Amino acid sequence: MRSKPLFTFLLIIVFSGFATAILCAAEPPTDPQLKMELGMHSSMLWRVSTDSAGRYVLSCSDDKTGRLWDASSGELLKVYRVPSGIETDGRIIAGAISPDARFVALGGRTGVDWEGSYSIYLFDAQSGNLLQVLKGMNNLIEDIKFSSDGSLLGAVCAGTAGLYVWKAPDWSLLGKDLVYGGSSYSLDFARRDGRWIIATSAWDAKLRLYGVGSGLEKLGEYSISTGGKPQQVSFSPNGARLGVGHYEKPLVEVYDVGPAGFSFAFNPDLTGCSNLDLRSLAFSQDGFTLYAAGGWYSGGSNPLRAWANGGRGSYQDFRPGNGVAIFDIKTLSDGRVLVGAADPFWGIIDRYGSPISSSRSPISDFRDSQSVFKVNQDGRAVSFGLAYGGKNTVAFDVRQRYFNPDGSSFHGSAPDTSGLAVQDWKNSRSPKLNGKAIALQEYERSLGLAVAPDARSFVFAADWNIHCFSDQGVQLWKVPLNGTAWAVNVSGDGRLALAAQSDGTIRWYRMDNGKQVLALYPHQDKKRWILWTPSGYYDASPGAEDLIGWQLNNGRGSAADFFPASRFRQTYYRPDIISRVLETLDEAQAVALANDVAGRKDQSSGIANKIPPIVTILSPYQNDGFNGATVRVGYSLKAPQDAPVTGLRALVDGRPVQSMNTARDLVVGAVSSGLFIDVPVPSADCVVSLIAENKNGSSEASSVRLSWKGSDLKSLAVDSVAKASEARTEAFVILPKLYVLSVGVSDYQNPEYRLGYAAKDARDLGAALQRLKGGLYRDVEVKVLSDKAANKLDILDGLDWIQKQTTSKDVAVIFFAGHGLNDSSGKYYYLPYETDLEKLKRTGVPFSDITSTVASVSGKLLFFIDTCHSGNLMKGARAGTLSQDIVGTINELSSAENGAVVFSSSSGNQYSFEDPAWSNGAFTKAVIEGISGKAAMGSSQRITVNMLDLYISERVKELTKGKQTPTTTKPANVPDFPVALR
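Residues numbered from 1 in each chain as written. Predicted model: local features only at pLDDT ≥ 70, side-chain atom pairs only at ≥ 80, totals over all residues. Heavy atoms only, no water.

Quick look at the overall build of the chain
What counts is decided by this rule: What counts as a helix is a DSSP run of H or I of at least four residues, what counts as a strand is a run of E of at least two, and both are numbered from the N terminus. Our radius of gyration is a C-alpha quantity, and the globule rule it is checked against amounts to 2.2 Å times the number of residues to the power 0.38. Under the scheme applied here, a residue whose accessible area is under 20% of the maximum for its type counts as buried, over 50% as exposed, and between as partly exposed, the area being computed with a 1.4 Å probe on protein chains only. By the convention used here, residues are in contact when the closest approach between their heavy atoms is within 4.5 Å.
Of the regular secondary structure elements, the chain holds 13 helices and 70 strands. The globule rule puts the C-alpha radius of gyration for 982 residues at 30 Å, and the 30 Å found for the chain is close to it. Evaluated residue by residue, the chain yields a buried proportion of 60% over its 982 residues. A sequence separation of at least 24 residues applies to 57% of the contacts in the chain between residues at least 6 apart.

As C-alpha cells, this is what we get:
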C-alpha cells in the first residue's frame with residue numbers, strides 16, 4: 001500500500017526527538033547552502049494552516065521552508081526561510097498563520113544546533129521579515145496553533161516536553177506543562193465560560209485539558225481506554241466536544257468536554273476504514289460535520305471521510321486528489337476544507353467535495369520503482385519512472401542533454417539483485433548476506449539493491465542513507481541523505497552508483513568512496529531539467545536554471561536569504577564542466593580541464609562575494625484593488641555594504657515603465673525600509689514588479705498582483721453622440737500596434753555556412769504577422785532583413801529601430817533564424833551574412849546587444865529564435881574554441897530583468913530541421929500556422945502565449961517525428977496575454 005513507507009518519516013521525528021542536543025554553536029552556519037527551489041515543497045509536507053477569512057494557506061515542510069499561498073488561486077505568495085543547518089536543523093514540522101494574517105509561526109527541528117534548545121520563528125506574514133524567536137523548548141516542536149482571536153499561541157513537543165503557551169503579540173510565556181509521558185502531536189483552542197481552554201493529545205494515551213487566564217491552569221487529564229497513540233485533536237465550535245484521531249489504527253473518538261476533563265461520547269461510523277490510520281481530523285466551523293483522514297487507503301487514494309450531525313450521522317467519502325496520506329485538516333468559515341498531504345500536496349474542497357484550488361509538488365514519485373531504474377554502461381544515461389511504481393517511464397542522456405519522454409526505447413540494464421546472496425532486503429529492517437544480518441541505521445529499512453558488475457560489492461537504497469557493502473558484508477561507505485533513496489543501480493563499468501531519491505532527483509556517486517559527483521532534477525513536465533555538481537556548477541534546459549539556488553543564513557535572529565542560480569549565471573552556468581565530471585569523477589579536475597580548454601580563469605571565489613541586492617514589496621498586498629493611473633508601492637532594500645544598490649527598475653506585466661521618484665529612494669548598502677515608488681499602471685488587472693541592481697547584478701523581481709477596481713468604459717451608458725464618439729475613439733486608441741524585426745540568413749557570404757530556409761523563414765513570418773493588421777492590432781510595421789540585408793550594421797540598426805518605436809501599449813516581435821555560436825568564453829553570437837569565424841568578435845552580433853535591446857523595449861515582447869542548425873559551420877575554426885549552446889542565452893533573455901517571452905526552435909543539443917516538403921524550417925512553419933489561427937483553443941477567438949506554446953510544441957514534434965523539441969520560456973511576472981486573433 002502506498003502509505004506504508006511514510007511510517008519512516010514519522011520515525012525520524014519521533015526518535016530524533018529523544019537524541020541528546022549536541023554542543024551548540026554560536027551561530028547558524030555561514031557557508032552558502034545549495035538547495036532546490038521548485039515553486040513548491042520538495043520534501044514531506046507536515047502541516048497546513050489558514051487565516052480566519054480563508055484568504056491564505058500556510059504549508060510547512062521538511063525542506064526547511066514555510067510557504068504562503070493564495071487560497072483561491074493556489075498562487076505562491078511568500079517563502080519563509082528559517083536559519084538552518086547543513087543536515088537536519090531547520091526542518092519545519094509545525095506552523096500556523098494568525099487569524100488576521102499578520103503573523104506566521106514556524107517550528108520543528110529548529111534552532112537546536114546553535115541554541116541548545118528548540119525555537120519557534122515568528123515572521124511578518126506579508127514582508128517575510130523575521131520578527132522574533134521564541135526559544136527554550138526541550139524537544140521537537142510538533143504542532144503550533146493560534147487561538148481564533150489571535151491572542152494566544154500554543155505549541156506541543158515530542159518526548160516529554162509537553163505544552164507551551166504564549167500571549168500575543170508581546171509573546172510573553174504564560175505557562176508550560178513539561179510533565180508528559182509521551183510525545184504530543186496536537187493541540188486545539190476553544191472558548192468556554194468566558195475563557196480559553198486548550199486540549200492536547202499525547203502518546204502516553206492521555207488527553208489533557210487546560211484553562212488560560214493570567215497563566216496556564218491544568219484542569220484535568222483522561223486516560224484513553226483504547227490506549228494507542230492519539231494524534232490530532234479538534235474542538236467542536238462551542239468547545240463542548242473534542243474529536244480525536246489515532247495513529248497506527250483506523251480509529252476516531254469523540255469526547256464530551258466538562259469543566260475538569262473528558263468523558264467518552266461515541267465513535268463515528270468507521271465502516272470500510274480497515275487499514276492504517278485516521279490520524280487527522282477537524283470539526284467544521286458550524287459544528288455540523290466532522291472530517292477525518294490519514295494513512296487510510298481505499299480505492300486508489302486516501303479518502304477524506306465526512307460525518308454529518310457532528311460525527312453521529314451518515315458519512316460521505318471525498319477524494320481530494322492527493323493519493324497519499326493526509327497529515328492535516330483545517331476547516332474554513334464558509335464550509336471549505338483544507339487538507340495537507342505528504343506528497344507534498346495541499347488542496348481545498350468545498351463542502352460537497354469538489355476541488356477549488358490546490359498545489360502539488362512537481363517532484364517525481366520513485367517509490368517501488370527499483371525494477372525499472374535502468375542505467376547504461378558508462379552511467380551517462382538513465383531511465384526511470386516519474387510516477388509511483390515506475391510508471392510513466394522517461395530517459396535522460398547526460399552526454400546529449402536529452403530528456404526523452406519515451407523511455408521504452410532506452411538501452412540499459414536494470415539493477416542486478418541476484419549477483420550475490422543478499423536476502424530479505426526489500427522494505428526490510430533486517431537484510432542479510434549469505435544468511436547473516438547486515439547492520440543498517442536503527443529503524444532504517446533497505447528499499448533498493450544493486451550488485452556491482454564484478455559481484456565484489458553491493459549498494460542499498462535506504463530510508464536515510466545509501467550504504468555500500470563488500471561481498472563479505474563489510475561496510476565500505478555510507479552517504480547520509482536529507483530524504484529517502486527509493487531505488488539504486490550501478491553503471492555497467494562499475495564506476496558509478498546512481499540513486500533515485502525522495503526529492504525527485506537522480507544522483508551519481510563514486511563506487512569506490514561514495515562521493516557525490518552529479519545530480520539531476522527531471523521536472524514532471526518532461527521539458528525542464530537541471531544538472532549540477534556539489535559546488536553548484538550547472539547546466540539546465542530553458543526555464544529550469546532557477547530550480548536550484550543558494551540559501552545564506554543571516555544569524556540566529558534573522559530570516560535566511562535565498563538566491564536562485566540565475567543570479568550567478570556567469571560563474572556557475574558551465575555545461576562544459578558538467579560534460580567532464582562523469583569522465584573524471586572529480587569535480588575539481590573537471591573544472592580545471594574545462595577552464596583550460598576554454599581559456600577561462602577559475603572564477604568561483606564564493607557566492608558570498610557575488611551577492612545581488614534584495615528588494616521586497618511591502619505594500620500593496622497581493623490582489624489589492626486600485627483605481628488610479630499610478631500605484632504607490634512601498635518597499636525595502638537590502639544589499640551588502642561593499643555592493644550598494646545602484647538602480648531600481650519598475651515593471652508592469654514584466655515590461656519596464658518610467659516612475660517618478662526612483663533615484664532618491666536608493667540606499668548605500670545594508671538594509672533600508674520605508675521606501676516608496678509611484679508606478680504608472682494600466683486600467684486593468686496587472687502585475688507590478690520591482691528589480692534592484694548593484695555591481696553584482698540584478699535582484700530577483702518582487703511582484704504583486706493587483707486588481708483594477710475603476711470604472712469600465714465598456715459598461716458605461718453612452719447617452720449622447722459625443723460620449724459614443726469618445727468611446728469609439730478610446731476603443732481605437734487602446735488597440736496595440738505590432739512592431740516586427742525578422743532576421744534570417746541562408747546564403748552566407750561563406751558558402752560553407754549556407755542553410756536552406758532561414759531567410760525564407762524570416763520573410764514568411766514577417767508576411768504572416770503583417771496579415772494581423774486590423775484584428776488585434778490597429779497597425780503592423782514589419783522590418784525584414786534577409787541574406788545580404790542581414791549584415792551586422794543593419795541588424796544593429798534594426799534593433800535600435802524596434803527599441804525606439806515600441807511604446808508601453810504596443811507589442812514587439814523579434815525573430816532570428818540562421819546560425820549561432822558560442823566563443824571560447826561562452827559568449828553567444830548570432831552570425832550575420834558576412835560572418836568570419838576567425839574574426840567572430842568583429843563580424844558576429846553578440847547576443848548581449850540583443851539582450852540589452854530586449855530589456856529596453858517598453859511593450860510586450862515575443863522573441864523567436866531558430867539558430868541551432870547542423871552543417872559544416874565549424875570547418876576552419878580552431879578546434880575547441882566554438883560551440884553551439886543557446887540555453888544560457890534563452891534563460892538570460894527570459895529572466896525577469898529582461899522580460900521576453902522566448903520561443904526556441906529546439907532544446908538540448910538538438911538541431912533544427914528544414915525540409916523542402918514544408919518550404920520552411922519546422923519551427924517557423926508551426927509558428928506561422930499557430931498565429932494564423934490553428935493555435936486557438938475551443939471557441940476562443942484569441943490566441944494567447946500559452947496556446948501558441950502548446951501548438952508549436954506539438955506541431956514541431958509531429959513534423960520531425962519527435963527529433964526536435966521546441967521550448968517556450970516566460971518570466972513569472974509576465975502573465976499570459978493574447979498575441980493574435982483566430
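Some words on the packing of helix 8 (residues 792–805) against helix 10 (residues 847–856)
This is how it is decided: Axis lines are fitted through C-alpha atoms, for helices just across the contact stretch, and the angle between N-to-C directions can take any value from 0 to 180 degrees. Roughly parallel refers to an angle under 35 degrees, roughly antiparallel to one over 145, roughly perpendicular to one between 65 and 115, and oblique to any angle outside these ranges. Basically, the charged four are Asp, Glu, Lys and Arg, the nonpolar ten are Ala, Val, Leu, Ile, Met, Phe, Trp, Tyr, Cys and Pro, and anything else, Gly included, counts as polar.
Two numbers describe how helix 8 lies on helix 10: the axes approach to 9 Å, and their chain directions differ by 10°. As judged from the angle between their axes, helix 8 and helix 10 are roughly parallel. Taking contact as the criterion, the partners of Leu796, Leu799, Ile802 and Gln803 in helix 8 are, on helix 10, Asp849, Ile850, Thr853 and Ser856. Grouping the amino acids of the contact of helix 8 with helix 10 by side-chain chemistry returns 4 nonpolar, 3 polar and 1 charged.

Describing the side chain of aspartate 503
Formally: N or O atoms closer than or at 3.5 Å make up a polar contact, with two conditions inside protein: a donor-capable atom paired with an acceptor-capable one, and, for residues adjacent in sequence, both atoms drawn from side chains.
Mapped onto the elements, aspartate 503 comes out in the loop between strand 42 (496–501) and strand 43 (506–510). Here aspartate 503 falls in the buried class, since its relative accessible area comes to 16%. Within the structure, aspartate 503 has its side chain in polar contact with the side chain of arginine 507 (distance 3.0 Å). Those residues in contact with aspartate 503 that lie beyond four places of it in its chain are Met36, Ser42, Ile363 and Tyr521.

A closer look at the nonpolar core
Definition in use: For the purposes of this section, nonpolar cores are sets of buried Ala, Val, Leu, Ile, Met, Phe, Trp, Tyr and Cys residues that join through side-chain atoms within 4.5 Å.
Grouped together as the largest cluster of nonpolar side chains are 54 residues, with contacts concentrated most on Phe384, Ile506, Trp508, Leu518, Leu531 and Tyr538. Considering every element that reaches this core, the biggest residue donor is strand 44 (residues 516–522), with 5 residues. Sequence-distant contacts of leucine 531, defined by excluding residues within four places in its chain, comprise Phe396, Val398, Arg401, Trp508, Leu518, Ala519, Leu520, Tyr537, Tyr538, Asp539 and Ile578. Listed in part, the 41 residues of the second largest apolar core include Ala817, Trp918, Leu959 and Val974.

Remarks on the sheet that holds strand 61 (residues 819–822)
Cut-off, in case you're wondering: Two strands pair under a simple rule: DSSP has to find at least two bridges between them.
Taking strand neighbours across the sheet as the criterion, the 3 strands line up as 61-62-63 in an open arrangement whose pairing is antiparallel. Two strands lie at the open edges of the sheet, namely strand 61 and strand 63 (845–846), each paired on one side alone.

Focus: unusual backbone geometry
Following alanine 168, the chain continues to proline 169 via a peptide bond in cis, the omega torsion being 5°. A positive phi angle, close to 70°, is found at asparagine 623, a residue other than glycine. Tracing the sequence through the fold places asparagine 623 in the loop between strand 49 (614–619) and strand 50 (625–626). At serine 919, a residue that is not glycine, the phi angle is positive and equals roughly 60°.

Observations regarding the environment of alanine 639
By the element assignment, alanine 639 lies in strand 51 (residues 630–639). Given a relative accessible area of 9%, alanine 639 falls into the buried group. In sequence terms alanine 639 and valine 615 are 24 residues apart; their C-alpha atoms lie 8.9 Å from each other.

Examining the sheet that holds strand 36 (residues 436–437)
Within the open sheet, the 3 strands sit side by side as 34-35-36. Their pairing is antiparallel. Every interior strand has two partners, whereas the edge strands, strand 34 (422–423) and strand 36, have only one. Where strand 34 and strand 35 (residues 432–433) come together, 2 bridges link them in antiparallel fashion. In the sheet register, valine 422 faces strand 35, and the bridge partner there is leucine 433.

Looking at the side chain of aspartate 177
In this structure, aspartate 177 sits in strand 13 (residues 172–177). We classify aspartate 177 as buried; its relative accessible area is 10%. Of note is the side chain of aspartate 177, whose polar atom sits 3.0 Å from the backbone nitrogen of valine 179. A distance of 2.7 Å separates a polar atom in the side chain of aspartate 177 from a polar atom in the side chain of tyrosine 210. Sequence-distant contacts of aspartate 177, defined by excluding residues within four places in its chain, comprise Ala161, Gly162, Leu163, Arg208, Tyr210, Leu216 and Lys218.

Observations concerning the packing of helix 12 (residues 922–934) against helix 13 (residues 945–959)
What counts is decided by this rule: Each crossing gets its hand from how the near helix is turned against the far one by less than a right angle, where anticlockwise is left-handed and clockwise is right-handed.
Relative orientation of the contacting elements helix 12 and helix 13 amounts to 135°, with a least axis distance of 9 Å. For the element pair helix 12 / helix 13, the angle class is oblique. Regarding helix 12 and helix 13, the two cross each other, and that crossing is right-handed. Residues Ala922, Phe923, Lys925, Ala926, Val927, Glu929, Gly930, Ile931 and Lys934 of helix 12 pack against Leu948, Tyr951, Ile952, Arg955, Val956 and Leu959 of helix 13. Its residues assigned to classes, the contact of helix 12 with helix 13 shows 10 nonpolar, 1 polar and 4 charged.

As for the environment of asparagine 694
Assignment of secondary structure puts asparagine 694 in strand 55 (residues 686–694). Look at asparagine 694 and you get buried, because its relative accessible area is 7%. Between the alpha carbons of asparagine 694 and threonine 646 there is a distance of 5.0 Å; along the sequence they are 48 residues apart. The residues touching asparagine 694, leaving out its near neighbours within four places in the chain, are Ile611, Pro612, Pro613, Pro640, Ala643, Pro644, Val645 and Thr646. Looking at asparagine 694, its side chain comes within polar contact range of the main-chain oxygen of isoleucine 611, at 3.2 Å. A polar contact is formed between the side chain of asparagine 694 and the backbone oxygen of alanine 643, at a distance of 2.9 Å.

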